[in-house]
Structure formats: C-alpha cells, structure tokens
Amino acid sequence: MRTINPAVRPEIGAALPSGIELSAWPSRIGAFPATPVEMAMQAIGHLEAGLSAAEAGAHAAVIDSVADYGIDALRAALAIPVVGSGEAGLTAAAGHGRFAIITVWPKSMNFVPEQLLRQHGLEAQCLGIHNVAEEGVLDAIAGPDGYLNRINRADRSVFDKVLAAVNRAIEEGAQAIMLGCTCMSGMAAKIAANTSIPVINPLWEAAKMAVALAHSSDSTGIKTDRADLVRRMVNAVAGEVDENCPVCVAADEFD
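Conventions we followed
- Residues numbered from 1 in each chain as written.
- Predicted model: local features only at pLDDT ≥ 70, side-chain atom pairs only at ≥ 80, totals over all residues.
- Heavy atoms only, no water.
- Salt bridge = Lys/Arg side-chain N within 4 Å of Asp/Glu carboxyl O.
- Helix = DSSP H or I, 4+ residues; strand = E, 2+ residues; numbered from the N terminus.
- Buried < 20%, exposed > 50% of the residue type's maximum accessible area, 1.4 Å probe, protein only.
- Expected span 1.5 Å × (residues − 1).
- Arc of directions from axis to C-beta.
- Contact = heavy atoms within 4.5 Å.

Asker: Which residues make up the pattern of salt bridges, and what are the values?
Answerer: Scanning all chains against the criterion turns up 8 salt bridges. A salt bridge links E48 to R231; the shortest N-O distance between them is 3.5 Å. Of the two residues, E48 is situated in helix α2 (residues 36–55) and R231 in helix α10 (residues 227–235); the sequence distance between them amounts to 183 residues. In this pair, the class of E48 matches that of R231, namely buried. The salt bridge involving R231 is made with E55; its shortest N-O contact spans 3.0 Å. Taken together, the residues span a long stretch of sequence, with R231 in helix α10 and E55 in helix α2 at a distance of 176 residues. The exposure class assigned to E55 is partly exposed, which follows from its relative accessible area of 44%. Overlapping salt bridges, with partners in common, bring together R28, E48, E55 and R231 in one network.

Asker: Can you lay out helix α7 (residues 156–171) for me, pointing to particular residues and giving the numbers?
Answerer: Between its terminal C-alpha atoms α7 stretches 22 Å, which fits the 22 Å expected from 16 residues at 1.5 Å a residue. Those residues of α7 lying buried are V158, F159, V162, L163, A165, V166 and A169. On an axial view of α7, the arc spanned by its buried residues comes to 160 degrees, and they lie on one face. The outward face of α7, more than 90 degrees from its buried face, is lined by the exposed residues R156 and E171. Against the buried residues of α7 lie β4 (99–103), β5 (126–131), α6 (147–152), β6 (176–179) and α8 (188–193). Just downstream of α7, G173 is the residue with a positive phi angle, here 110 degrees.

Following this line, the structure appears as structure tokens:
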C-alpha cells in the first residue's frame, strides 16, 4: 500500500459533526498528474481505491483532488454517494457570483481547472486562474524541503504568493476565491482570515456534501462486476516508484 497522503487532513475531520469516522484510501498508482496522461492513469487508481473503500463499509467517498479523478466511473461502480472536490468547490464558488481560482501549481497544469470549468459550464463565471508557482517546482515535489511539504505547512514562501494572488483577483472583481488544489486545505482558514471575500476550500465543501448525502442514502457496497479486473490492472503498476503525489479517495464512515 502506498504511503501518499495516508491520513485524512486533520482540519477536515475536526470541522465535521461527531460520530463521523474519516479514513483515507490512497490511489496505488504513484504517477504525479502533471499531464492528461497521468490524469487518466489516476482515474483508474482512484476507481480501485474507491472500490476498496466501499467494500470496506464506507458510506460515502470524497475524491481528494479538484481534478475529480474517475468521478464518472466511481459513480457507476459504487452504490454509495461519490463527491468530487472540484465539483463541490466550483458549486460553492459559483454561488457567490464571479470567482477566481488560485492554485499553487504552475500554468502547465491549468488543464485540470480548465477542464473542470468546461465540464460544469462555468468558464464565463470564472474571472481567471492565478498560478503562484513556476514550472521548476515540479522537479522538487517530494522530501522534507519539497514543494508539497511547503504547501502543507503554509510556508511563507508559498503563502505570501497565494495571498498576493488573492488580492489581485479581488482587484479584478472576484466575489469569491476557490482554492485550486486540495493540498491547500491546510492553509484555507489562514487565507480566509486575511481576505475580504469568501474563500472556498473544495475539500471541505466535498466533505460536507458527502456527509449530507450519506445520511440520506442507505446504499452500501459496489454495483459493478469489474472490481477484480480493475484491481488486477492496478496491481500491475502498484509497485512502481511513488512520485509522492497527494492523490487519494477519502472515505466517510458513519457510526
């Protein structure tokens, strides 16, 4: 089992009602989704992770990525509700009017939010995508001093750039900000405290939606007969080098 993002982000669990158990089911495909090729691979990885979560008794699944990897396949395969962070975040942001997306990733990865905006018909409502990173960060993602670690601890070298981008978006007329990666969840409250408009944490929005859907549904398990085939496909590459990408399916379990 891979160790990428092996635990649910603590700020999410702490904000949910009592009686809810959160557990992480990481994708066993360790390819960093820097291009649409790896994104397609992660759709399979997330499908397999979601199948495992549902079979273990989860009552809802949250895709811990604004890319919503494999969301259609997951909804076709699982009997439980499946919520994408990207979908939930965009819905919340659009509810405030014109919004901007602030992402810690470079422009080369804008295919992720751009595809999401097209899928949900929100291109015109989004004022723009603000990138705070240069392309070079993709060469130094992992490790104690890696880019992901700096994001997770809201390092000043990242946070100050995010806040500057937020202020530019406000000057351009944004009425809300959507964070462009669930890895920004840990700094969401800090950004909101320094901002005059709503800051949407897509992972938090997805978790809230999953809780509500799980309470209104009594479906459990899976509804596909292809689980074994999917698992064999993932088994074939699960031992490859882990590129330390924080992609996983977080399952919500209710007592």
